[in-house]
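# Breakdown of the fold
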Amino acid sequence: ASVEQARAILAAEIIRTLDERGLSTREAEKLTGVSHSEFSRIRNGHLERFTLDRMITILGKLDEDVEVSVTFRNRHALQDGLHA
């Protein structure tokens, strides 16, 4: 579930960037080299084809700085805490 959430967050940022800059999917394609159909998939929430790396790369091509923070937690400790 956390990978899907991360994809959704990145997609929202891509959409926000396109909207703020007033870019159509065709204009974004010309700017980034990423197919307009890929931007359409992102806009429509069809994110299963996208890796986190690919989405970060798309943001980079849109001249956005991306900072990623990863936190690791022991699953068993979390599960044990839920059952305590």
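You'll find the structure just up there.
This section reports on the structure supplied with the text. (Residues numbered from 1 in each chain as written. Predicted model: local features only at pLDDT ≥ 70, side-chain atom pairs only at ≥ 80, totals over all residues. Heavy atoms only, no water.)

Mapped onto the secondary structure, Thr25 falls in helix α2 (residues 25-32). Apart from the residues within four sequence positions on either side, Thr25 is in contact with His36, Phe39, Ser40 and Arg43. (Helix = DSSP H or I, 4+ residues; strand = E, 2+ residues; numbered from the N terminus. Contact = heavy atoms within 4.5 Å.)

So, about the pattern of salt bridges. Taken as a whole and judged by the stated rule, the model has six salt bridges. Across the pair Arg43 and Asp19 runs a salt bridge whose closest N-O atoms are separated by 2.7 Å. Linking Arg43 in helix α3 (residues 36-43) with Asp19 in helix α1 (residues 2-21), this pair joins segments that are 24 residues apart in sequence. Residue Arg43 is classed as partly exposed on the basis of its relative accessible area, which comes to 35%. Overlapping salt bridges, with partners in common, bring together Glu13, Arg16, Glu20 and Glu64 in one network. (Salt bridge = Lys/Arg side-chain N within 4 Å of Asp/Glu carboxyl O. Buried < 20%, exposed > 50% of the residue type's maximum accessible area, 1.4 Å probe, protein only.)

The next subject is the packing of α2 against α3. In helix packing, the relevant descriptors are the interaxial angle and the interaxial distance, both defined with respect to the helix axes. The contact between α2 and α3 brings their axes to 8 Å, and the two run at 125°. For the element pair α2 / α3, the angle class is oblique. As α2 packs across α3, the resulting crossing turns out to be right-handed. On α3, the residues that touch Thr25, Arg26, Ala28, Glu29 and Thr32 of α2 are His36, Phe39, Ser40 and Arg43. Among the residues forming the contact of α2 with α3, the class breakdown is two nonpolar, four polar and three charged. (Axes fitted to C-alpha atoms, helices over the stretch in contact; angles between N-to-C directions. Parallel < 35°, antiparallel > 145°, perpendicular 65-115°, else oblique. Left-handed = near helix turned anticlockwise from the far one by under 90°. Nonpolar A, V, L, I, M, F, W, Y, C, P; charged D, E, K, R; others polar.)

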